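# Coordinates in review
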Amino acid sequence: MEPTLVWTGLAIYVAAVIVIALMSRKGMQRELNDYFLARRAMGGVLSALSYGATTYSAFMLVGLAGLTYQGGVGALGFELVYLSGMVLVVYFGPRFWMAGKKYGYVTPSEMLGDRYNSRAVAVVTAVASCLFLIPYSSVQLAGVGYLLSGMSGGAISFTTGALIATVLAIVLALIAGIRSVAWTDAFQALIMIVTSVGVVWVVARGLGGFDGLFSALERDYPEWLTVPGNGFFSFATFLGLTLPWFFFSISNPQVSQRLFMLSSLAEMRRMLLLFLGYGLIYTLVAILWGFSALVHSPDLENPDLATPALLSSPLVPPVLGLIVMIGILAAAISTIDSILLTLSSLVARDVYGNLGREGDAANQLRVGRWVMPLIALLAYGFAELQLDLIAVLSVSSSAGLLVMVPAIIGAFYWKRGTAAGVLSAVVTGGLLVIFLELTKTKPLGLSSGIWGLGVSALLFVVVSLFTKAPEDKADRFVGGIRRLIREKGAF
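Residues numbered from 1 in each chain as written. Predicted model: local features only at pLDDT ≥ 70, side-chain atom pairs only at ≥ 80, totals over all residues. Heavy atoms only, no water.

The secondary structure content of the protein amounts to 23 helices and zero strands. For the protein, whose C-alpha radius of gyration is 22 Å, the value lies close to the compact-globule estimate of 23 Å for 491 residues. Projected onto its principal axes, the C-alpha coordinates of the protein cover approximately 65 × 55 × 40 Å. Buried residues in the protein amount to 60% of all 491 residues. A fraction of 86% describes how many contacts in the protein between residues 6 or more apart in sequence connect residues 24 or more apart. (Helix = DSSP H or I, 4+ residues; strand = E, 2+ residues; numbered from the N terminus. Rg over C-alpha atoms; globule rule 2.2 N^0.38 Å. Buried < 20%, exposed > 50% of the residue type's maximum accessible area, 1.4 Å probe, protein only. Contact = heavy atoms within 4.5 Å.)

Over its 21 residues, helix H1 (residues 3-23) runs 31 Å from end to end, which matches the ideal 30 Å to within 8%, given 1.5 Å per residue. Buried within H1 we find Val6, Gly9, Leu10, Tyr13, Val17 and Ala21. For H1, the arc enclosing every buried residue in end-on projection is 100°, short of the 170-degree limit, so these residues lie on one face. Facing away from the buried side of H1 by more than 90 degrees, the exposed set consists of Thr4, Ile12 and Met23. (Expected span 1.5 Å × (residues − 1). Arc of directions from axis to C-beta.)

The backbone of Arg39 sits at a positive phi, close to 60°, despite the residue not being glycine. Checked against the element boundaries, Arg39 lands in the loop between helix H2 (32-37) and helix H3 (44-55). For Arg39, a relative accessible area of 34% corresponds to the partly exposed category. At Leu444, a residue that is not glycine, the phi angle is positive and equals roughly 60°. With respect to the secondary-structure elements, Leu444 resides in the loop between helix H21 (419-439) and helix H22 (448-465). Overall, the relative accessible area of 78% leaves Leu444 in the exposed class.

Turning next to the pattern of salt bridges. All chains considered together, the criterion is met by six salt bridges. With a shortest N-O distance of 3.2 Å, Asp34 and Arg39 are connected by a salt bridge. (Salt bridge = Lys/Arg side-chain N within 4 Å of Asp/Glu carboxyl O.)

As a further point, take the packing of aromatic side chains. Using the criterion set out here, one finds 21 aromatic pairs in the structure. Where Tyr103 meets Phe477, the ring centres are 5.8 Å apart and the plane angle is 15°; that geometry is what we call stacked. A residue pair is termed long-range when its members are at least 10 positions apart, and Tyr103 in helix H6 (residues 87-103) and Phe477 in helix H23 (residues 471-488) qualify at 374 residues. Residue Tyr103 is classed as partly exposed on the basis of its relative accessible area, which comes to 30%. Phe477 sits in the buried class, given a relative accessible area of 1%. Ring pairing ties together the aromatic residues Phe92, Phe96, Tyr103, Tyr105, Phe260, Phe412, Tyr413 and Phe477, which thus form one cluster. For the cation-ring pair, Arg115 lies above Tyr116, with the distance from its terminal atom to the ring centre recorded as 4.6 Å. (Phe/Tyr/Trp six-rings, centres within 6.5 Å; stacked < 30°, edge-to-face > 60°. Lys NZ or Arg CZ within 6 Å of the ring centre and 35° of its normal.)

Before going further, it helps to spend a moment on the packing of helix H11 (residues 209-220) against helix H15 (residues 265-296). Taken N-terminus to C-terminus, the directions of H11 and H15 make an angle of 65°; their axes are 10 Å apart at the nearest point. Along this stretch, H11 crosses H15, giving a crossing that reads as left-handed. In this structure, H11 contributes Phe210, Leu213, Phe214, Ala216 and Leu217 to the contact, and H15 contributes Leu288, Phe291, Ser292, Leu294 and Val295. Looking at the contact of H11 with H15 residue by residue, the classes come out as nine nonpolar, one polar and no charged. (Axes fitted to C-alpha atoms, helices over the stretch in contact; angles between N-to-C directions. Left-handed = near helix turned anticlockwise from the far one by under 90°. Nonpolar A, V, L, I, M, F, W, Y, C, P; charged D, E, K, R; others polar.)

Further remarks concern the packing of H6 against H15. At a minimum axis separation of 11 Å, H6 and H15 run at an interaxial angle of 145°. Considering the relative orientation of H6 and H15, their crossing is right-handed. Note on element contacts: H15 touches H6 through Leu265, Met268 and Leu272, opposite Val89, Val90, Gly93, Pro94, Trp97 and Met98.

What follows covers a nonpolar patch on the surface. Together, Leu458, Val461, Val462, Leu465 and Phe466 make up a nonpolar patch on the protein surface, roughly 510 Å² of accessible area in all. When its relative accessible area of 37% is taken as the criterion, Val462 is described as partly exposed. (Patch = residues over 30% accessible without salt bridge, like charges linked within 9 Å, V, L, I, M, F, W, Y side chains within 5 Å. Areas by Shrake-Rupley, 256 points an atom, 1.4 Å probe, with all protein chains shown as cover.)

Looking now at the environment of Gln254. Relative to the assigned elements, Gln254 resides in helix H14 (residues 253-256). The exposure class assigned to Gln254 is buried, which follows from its relative accessible area of 2%. Filtering out sequence-adjacent residues up to four positions away, Gln254 remains in contact with Thr54, Leu133, Tyr136, Phe248, Ser338, Ile339 and Thr342.

Glancing now at the nonpolar core. In terms of nonpolar packing, the biggest core is built from 158 residues, with Tyr56, Tyr82, Met111, Tyr116 and Trp289 touching the most fellow members. Here this core gets 18 residues from one element, more than from any other, and that element is helix H17 (residues 318-355). Contact partners of Tyr116, with chain neighbours within four places excluded, come to Val121, Ala407, Gly410, Ala411, Gly417, Thr418, Ala419, Val422, Phe460 and Pro470. (Core = buried A, V, L, I, M, F, W, Y, C linked by side-chain atoms within 4.5 Å.)

So, about a positive patch on the surface. A cluster of basic residues, Lys102, Arg482, Arg483 and Arg486, forms a positive patch on the protein surface. Summarising the element assignment, Arg483 is placed in helix H23. Given the relative accessible area of 44%, Arg483 is considered partly exposed. (Lys, Arg positive; Asp, Glu negative; His and termini not counted. Charge placed at Lys NZ, Arg CZ, Asp CG, Glu CD.)

Bringing the environment of Thr307 into the picture now. By secondary structure assignment, the location of Thr307 is in helix H16 (residues 306-311). Given the relative accessible area of 1%, Thr307 is considered buried. Each C-alpha atom, one on Thr307 and one on Ser292, is 9.3 Å from the other, the two residues being 15 residues apart in sequence. If we ignore the near neighbours within four places in the chain, the residues touching Thr307 are Leu61, Val62, Ala65, Trp289 and Ile328.

By secondary structure assignment, the location of Ser448 is in helix H22. Setting aside anything within four residues of it in sequence, one finds Ser448 in contact with Ala399, Val433, Leu436 and Glu437.

With respect to the helices and strands, the residue Gly77 is situated in helix H5 (residues 74-84). With a relative accessible area of 26%, Gly77 lands in the partly exposed category.

Laid out in structure tokens, this is it:
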């Protein structure tokens, strides 16, 4: 594709999202609750589109397509596990929402710190989230870098593409906080789904229709249609990839924080149903992209180039390819700015708020806005390393966040849980995940996420049993949420 066409499309997209972000400032108040949570008044449709754009990032149409190219239909099962994990929102969503309404929590770490009656818990879980989400942010930047470089034939370098994404994410997050992020997410989600479905149809026609596509796969790549197939998706690999994805909706703070933002449980229900439909369509599209790229361009050295290779091929008209490129760019940007906003709220509310001036919300907001560019630059530096498959790196980042799952479940269901149990679980489990990822070690053939979750769960339970629980706090929190659940008729 001509570089001039790529730059033109990029300029139009940037102008559109900035205008939408500026329009979203109407009625905004410069206060912490509005900037990070939109006054807890978001509707289900906007939330579903924003949730979809935040969750389905460059990982999907670049990473998941690449994973399909590499390992076959196992990638479909891997992503469907994520959708099945949304059952956790059915159970934990109302509890997060009620806790936020009742106690005014801004971040999941603040909720954990209050529930376990420990500032250290809030600080440590916030720092752990930053530690593992910065690499995940870098995945999105790398996706944009690969995309623009591949689409322009190298005229736009990987570095330039990643830098453009970094700057744009910072600008969108700073303009109006979660308001600008949510409205631009909604716009971007519509671009993502419409353009991606359109390309699947066009590419399939170019390959002889869906019958022709799957006939070619059955003839030339039959092992890609079975599990473990070509050997990539062994059981241990599949389990290691899917476990972090199943718990994604409660372990990743940029997602669970959105459960504080909805105006009612009815809107949460609407959000969940719409997101599930959106997610299923988008998942099938990404898998079909990967298979189409395999049939059309079977000799790619880097599977993450499957999507750029497909979009720049003669199968896709240049203008359509450009529109889809913008859709993938939108997917990545929507995830990055959401993560930036969440991480800045964690630093401001839970780190600065507990180590600095706790009650000064104005200062916390100021700190959050100042640290946002710093977090983005750290993610950009990480993206420049160009590590591993995008899909695998995404899961590796989420594997570290699994160590907080026992503390989250315990917060709502186990009064005996203690701050010491949380701290030992998060610190030890997190360090174990980092060690295993850096050394690329898999004891007994199991991935870092499995070990991290197992060790953190064991430590949380054992240490809690040997330390004193905050009985009054636990009774008020757990009992209060249970009463509200019964009153609202939720699960």
